[in-house]
Every structure is written in structure tokens, then in C-alpha cells.
Amino acid sequence: MRKKDKEIYEETDIIVLSEEEEGSKETTDVRKKKKKLPNWVIVPVIGGIVVVAVIASQFTSKEKKTGGTVEVVEVVRGDVKEIYNVSGTVDSEKKKVFYSPVNAPVSQLRAKVGQAVKAGDLLVAFDTSDLEKNNQKAQMDLQSAVNTNQSAREQADRSASEAAKAAADAQAAAGAARAQAEQQIASVESQISAKSQQMASLEQSVQDEITANQTLQPQLDEWNAQKAVNLERISVLYGEVNSHREEINAGNVSDEKKAQLEAEIAEKSKEISEKEGANEALDAQIAQVSAQIQTGSQQAYAQIQQEVQALQAQAEQLRASISVETPSASIPDTSLTQGQINNMAITENLAELAVLSSEELMAKARDGIKADFDGVISDVKTMEGGTAVAGGELFTLVSNQDVNVKLEIPASDFDKVEVGSKAVVKIGKYKYDGVVESIDKIAVPNAKGNPVIGANVKIQNPDENIYIGVAAKLTMTVAEEKDVLYLPNENVNTSTEGDFVYVVQNGVVKKKAVELGITSNSKVEIKSGLKEGDKVVADTLGTVEEGMKVTTTTVAKSEEK
């Protein structure tokens, strides 16, 4: 016992004895000799006792802050790489919808949804029998026009020959020549009259054809417009059905939501069937009305009209030959007029254009529809044995070589991705090189209502193992710093005042604030607050306190795990 403590103990004992003396009725001589301490002495003594107790407790507390052995990690230099992982959906950058160039039955359909094809593969073949008939008819119409014009030319030439002979004979026998000319005129006029009657009988048919065609054409235009509306609606419905199916396949919807989506899919599929059925009915109506459009009477009328014009020219020439009283040795001009020649040229040109058009359609039909590039069939709108309509949609081809990954980046991570950033794209068990091509400048709610930012990652080395529409996992290097100070992530603490660590200096634990840089899976960059070689407490249980005396026996290096 220290001297001071002994003095306090003795003084306390005296006080107790004094109190006993005051309370006792029996006194001895010795007790009578002891005197009671005054209050001015007792109060300081009690205060001293309290001070001693506080000092003793402080000594005891300091003894508790003495720690044992702690493990420390040394601040070192090295490279820190921050990695960002995100998922997306594989999509194609190149898409083409193929349309039918002709009205013809589909004899072969090799395009099936999900089928991989190569450039040049024949996907649709047509039945060309009807087109061949139309082509033959166009060829015959052309030959007929050529023959008609040739006949008119030959007849004009013949008339000129006859006129020349008549002129020669007229010099020898004017009367006979005049009679012969008049006879010829009568014959030509008779032919003109007959052909005029034919034209009169055809006029009503021609008018009926024109009227009928004018009546049918608006109906055809209306039906084609309705088909286009139906096709556009079908395309929208297919998109919505595919979207719902993707949402269901993602597996992130509740049973109630799934049932709702399946009901909507059934309803939209029903509407698709109705629209496709309506288009089939429209195709039948269009084909039926198209067959009613006729030009036969008009062509016959034009042919007879040309013949009449030639006969009229002949009659005029004959009249000219007998218009003078004295026979002339000159030969009258019986050649076709320029107007007649122009009309015949127009007729032949129209027939030639009809032949070229039919031959071009025949060539396209014979070639069929071939893939323009390597890819996958994403949609088919026709069927084998059905009738394709010129301009009607057949199938859609998407490229599996020009592909990207569509990302939905959480709005909070918008600063993790930049245009030009490289990525490792994993699709199934295969890995590819990717680069960020574009990033949307606005965040929009996704299917779950969370704000996301859209981005596209171009796959630079695609191959045949890529599937369109499947999920892809991407790993991107967000930031990288070389030769910087760093620590393991778990050795840095965070409070409301900021980031800090515990360091051991001269055997005492001290708290130091630090400024952090980029973070990898296991490392964090130390931008300020520490220097290379500083020993940081590696305690992760929170048992170390500032001011604690410790010893360090194990030094762990802050290496990438």
C-alpha cells in the first residue's frame, strides 16, 4: 500500500472511531481522551478519497486499452482496374423485309422462322405457269400489231403500184382507166363501209370496257389500301406478341401478370389471324376483279381503225387519179401519211413494252427470292401453296454477322459506360470482342418501372455460334490506374465524416482520413492520407480503437485476390 493511501486509511479509521464514541453510552478513560474531528477536517478527507478513486479508475481504463498482437497490411504500389458487369440482349443491326415482285402462287417456301441461311440461298420459288401464259399473250399481241402495220404498209404499196399501172393505162385508155379507178374506189369504199360498221359495232364494247375498267380500278385501289393497313397492323401485333413473350420468358413476372400477358397474346394472335384472313379474302377479290379488266375490244377497234385509215388514203389517191379530164403520166403518192406512220409506231411500241414487262416479271419469278446476306429468318408472312401478291410481304431476314448487344444500364451507373469502351461479351459458352457504339442521352423506365439508359455494344468478331434475341453478359473495364498506392477493400472504413483507416505508428493505433480513387474487386486506390510503407490495421471485426497500444507480428501484403 502506497503511503498516501495508508494515511487516508488511517484518517478514515479515526473518523469511524469518533462516530462510535459519539453513539456509545459506555465510555472508558481511553475513549474519553479521543476528541471528535471537526467538519472542516472531515470534508477535505472525503474529497481526497473521491479523487483517489477516479485516478485509480483511469489507471484501470488505460490498462484495458492495451491491445495484443494485430495483423497489419502494408500500403504498396501497383495497378488497380475497375470492372463493370452488365447483361443485355443480342440483336441484329441489319434487317430486310422481302416482298413479292409478282402475282403468282408460291411453289416452294424454304424460309422458316429461326432458320440460318447463307447469301444466295433460294428461299421462295414461284409457279410461273400463269406468267408464261401472259408472256405468250403479250408476244402474240406484239406480233399481231406488227402484222397489222405490215399489212397496212403492203396495202399502201400495192395501192401505189396499182395507181402507177392505172396511170400508165390511162394514157392508152383514159376511159378504161377511169372506169377501173372508179371500180377500185367503189371497192375501197365498200371495204371502208364494212370496216366502219365493224367499228360501230365495237364502239359500245370499247366504251363498256373503258367504263368497266374505270369502275373497277378505284375498287382495286381501295382493296390494296386496306391490305396495306392490315399488313401494318399485323406487323404491330407481331411486335407486341413477341414483346409479351420475351417478358414471360424472362421469368421476372408474377403469375397474375403472366396470365394477363398470355391473355393479351391470345387476343392479339386472334386479331392477327383475322387480319391475315381478311387479306386473303382481299387477294381473292383483287385477283377476281383484275381478271375482269379487258382491252380486247379496244385493240380490235384500233386495228380496224388503222385499216380504215389506210383504205381512206387509198380512196383519196384513186379519186385524185380521175379528178383531171386529161390523163396524167405522173404517178400519184399512195404512201402512208405521217400520222398513220406515227400511229403504227406507237402501237408497236406499246406492244413491245407489254412484252418487256411480262418478260421481266417472268425472269424475276423464275429467279425466285434469294437471301441477300447471311442471316436468320425472323418472320414469315406467306405459305407454300398460297398466292403471293405483287408488293406483298413474304419474309424478314436479319443478319447474324452485323450484330450488337442492347443494354439497359441502371441510371445510377450511367458514368460506368462510355462510347468507345471495350467489352468482353459472353454469349452462352462463347466469348467475343465488343465496343460501345452508342449510349442514349435520357433515362426511361423499364418494364419494372426502374429508370435505365439504353446502349448498344457492337460485336466485332461474330461467328455462326451467335443466336439473335438471347441474353449476353458483358464485362467492361471502367477505369484503370497504374503504379498507384492501394489497399485491400476490406481494410478501409467509412463513417459519416468520410473514409478512414487505422495505422500503427510507434506501437500505437492512430485513425487517419484517406481519399479514395477507383476500386476493383479487391483493391482500392489511395489518393491521399497515406504513404507507401504505412502499416494499416487489417482488423475487420471492429475491435481496434484509436490510442490502443499494440504489437505487429504478421504483415499481410495487399495483393489482388
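Being a predicted model, the structure only gives us computed values, none of them experimental.

Enquirer: Would you explain the overall build of the protein chain in this entry?
Expert: A tally of helices and strands in the protein chain yields eight helices and 22 strands. The buried share of the protein chain, taken over its 561 residues, is 32%. Contacts in the protein chain between residues at least 24 apart in sequence constitute 78% of all its contacts with a sequence separation of at least 6. Just so you have it, the protein chain exposes about 34000 Å², and 50% of that area is on carbon and sulfur atoms.

Enquirer: I would appreciate a short explanation of the packing of aromatic side chains in the present structure.
Expert: Aromatic ring pairs are defined here through the distance separating the ring centres and the angle between the ring planes. If you walk through the whole model with that rule in mind, you get two aromatic pairs. Summarising the aromatic geometry, the rings of F98 and F395 are spaced 4.7 Å apart at their centres and angled 15° between planes, so their arrangement reads as stacked. Of this pair, F98 sits in strand β3 (residues 95–99) while F395 is found in strand β10 (residues 393–399), placing the two residues 297 residues apart along the sequence. For the residue pair F98 and F395, the accessibility class agrees, reading buried in each case. Here F500 and Y502 contribute two aromatic rings whose centre-to-centre distance is 5.6 Å and whose plane-to-plane angle is 80°, an arrangement assigned as edge-to-face. One exposure class covers both F500 and Y502, and it is buried. It is K523 that lies over the ring of Y486; its NZ or CZ is 4.4 Å from the centre.

Enquirer: Would you mind showing me how to read the environment of V492 here?
Expert: With respect to the helices and strands, V492 occurs in the loop between β15 (471–488) and β16 (493–495). For the pair formed by V492 and A538, sequence separation is 46 residues and the distance between their alpha carbons is 8.9 Å. Excluding its chain neighbours within four sequence positions, the residues that come into contact with V492 are L487, D499, F500, V501, V514, L516 and V524.

Enquirer: Would you take a moment to explain the sheet that holds strand β7 (residues 369–370) for this structure?
Expert: Think of a sheet as strands paired side by side through backbone hydrogen bonds, with each pair either parallel or antiparallel. Strand order in the open sheet formed by four strands is β7-β6-β4-β9, and the pairing between neighbours is antiparallel. Only two strands of the sheet have a single neighbouring strand rather than two, namely β7 and β9 (387–388).

Enquirer: Quick question: what am I supposed to make of the packing of helix α5 (residues 174–250) against helix α7 (residues 296–321) here?
Expert: Each pair of packed helices can be summarised by the angle the axes make with each other and by the distance between the axes. Orientation of α5 relative to α7, taken along the N-to-C sense of each, is 155°, at an axis distance of 8 Å. Relative to α7, the element α5 is oriented roughly antiparallel. The two elements α5 and α7 cross, and the hand of that crossing is left-handed. Tallied by class, the residues present in the contact of α5 with α7 amount to 15 nonpolar, 13 polar and six charged.

Enquirer: Sorry, what's going on with the sheet that holds strand β5 (residues 116–117) here?
Expert: In space, the four strands of this open sheet follow the order β3-β10-β8-β5, with antiparallel pairing throughout. Unpaired on one side and paired on the other, β3 and β5 mark the two borders of the sheet. Pairing of β5 with strand β8 (residues 375–380), which is carried by two bridges, proceeds in the antiparallel orientation. Looking across to β8, one finds that A116 is bridged to V376.

Enquirer: Is there a simple way to think about the nonpolar core in this case?
Expert: Soluble, globular proteins show a tendency: their nonpolar side chains are buried together. Grouped together as the largest cluster of nonpolar side chains are 22 residues, with contacts concentrated most on F126, I377, F395 and L397. Sorting the residues of this core by element identifies β4 (104–109), β6 (122–126), α8 (338–367), β8 and β10 as the ones contributing at least two each. Counting residues in hydrophobic clusters, the runner-up holds 20 residues, among them V417, A423, A455 and I466.

Enquirer: Help me understand the confidence of the model for the protein chain, please; the structure alone is not making it clear to me.
Expert: Atom-level detail of predicted coordinates should not be read off regions where pLDDT is low. This prediction gives the protein chain a mean pLDDT of 79; 80% of its residues lie at or above 70. Note that pLDDT drops below 50 for residues 1–37; the model gives that stretch 20 contacts with residues more than four away or on any other chain. This stretch, residues 54–64, has a pLDDT under 50; its non-local contacts, to residues over four places away or in other chains, come to zero contacts.

Enquirer: In this structure, what is going on with the pattern of salt bridges? I would like to understand it.
Expert: Close approach of charged atoms allows side chains with opposite charge to pair. The full count for this structure, using the stated rule, is 16 salt bridges. With a shortest N-O distance of 3.9 Å, K118 and D374 are connected by a salt bridge. Here D374 lies in the loop between β7 and β8 and K118 lies in the loop between β5 and β6, a separation of 256 residues in the sequence. The salt bridge involving E271 is made with R233; its shortest N-O contact spans 2.9 Å. Here E271, found in helix α6 (residues 255–292), pairs with R233, found in helix α5; they are 38 residues apart in sequence, far enough to count as distant. Overlapping salt bridges bring together D79, E480 and K482 as one network.

Enquirer: Just to check I follow, could you spell out unusual backbone geometry for this structure?
Expert: Negative phi characterises most residues that are not glycine, and trans characterises most peptide bonds. Phi at D483 takes a positive value of approximately 55°, unusual for a residue other than glycine. Locating D483 in the fold gives a position in strand β15. Its identity as a non-glycine residue notwithstanding, N506 has a phi of 55°, on the positive side. In this structure, N506 sits in the loop between β17 (498–505) and β18 (508–513). On the basis of relative accessible area, N506 is assigned to the exposed category, the value being 83%.

Enquirer: Where do I start with the pairing of strand β12 (residues 422–427) in this structure?
Expert: A regular strand places its side chains on the two faces of the sheet in alternate fashion. By the alternation rule, side chains of β12 split into A423, V425 and I427, which are all buried, and K422, V424 and K426, of which none is buried. As consecutive antiparallel partners, β12 and strand β13 (residues 430–445) are separated by two residues, and within that stretch G428 has a phi angle of approximately 65°, a positive value.

Enquirer: Whenever I open this one, the pairing of strand β19 (residues 515–519) confuses me. Can you help?
Expert: Bridge count between β19 and strand β20 (residues 523–528): three bridges; the pairing is antiparallel. Each residue of the ladder has a partner; that of L516, found in β20, is I526. Counting the residues between successive antiparallel strands, the hairpin from β19 to β20 contains three residues.

Enquirer: Explain the side chain of S100 here, please?
Expert: Note on placement: S100 falls in the loop between β3 and β4. A polar side-chain atom of S100 sits 2.6 Å from the main-chain carbonyl oxygen of V102. The contact partners of S100, leaving out residues within four places of it in the chain, are F126, A388, V389, A390, G391, G392 and L394.

What counts, and at which threshold
- Residues numbered from 1 in each chain as written.
- Predicted model: local features only at pLDDT ≥ 70, side-chain atom pairs only at ≥ 80, totals over all residues.
- Heavy atoms only, no water.
- Helix = DSSP H or I, 4+ residues; strand = E, 2+ residues; numbered from the N terminus.
- Buried < 20%, exposed > 50% of the residue type's maximum accessible area, 1.4 Å probe, protein only.
- Contact = heavy atoms within 4.5 Å.
- Areas by Shrake-Rupley, 256 points an atom, 1.4 Å probe, with all protein chains shown as cover.
- Phe/Tyr/Trp six-rings, centres within 6.5 Å; stacked < 30°, edge-to-face > 60°.
- Lys NZ or Arg CZ within 6 Å of the ring centre and 35° of its normal.
- Pairing = 2+ DSSP bridges.
- Axes fitted to C-alpha atoms, helices over the stretch in contact; angles between N-to-C directions.
- Parallel < 35°, antiparallel > 145°, perpendicular 65-115°, else oblique.
- Left-handed = near helix turned anticlockwise from the far one by under 90°.
- Nonpolar A, V, L, I, M, F, W, Y, C, P; charged D, E, K, R; others polar.
- Core = buried A, V, L, I, M, F, W, Y, C linked by side-chain atoms within 4.5 Å.
- pLDDT = per-residue confidence, 0-100.
- Salt bridge = Lys/Arg side-chain N within 4 Å of Asp/Glu carboxyl O.
- Polar contact = N/O pair within 3.5 Å; in protein donor to acceptor, adjacent residues only side chain to side chain.

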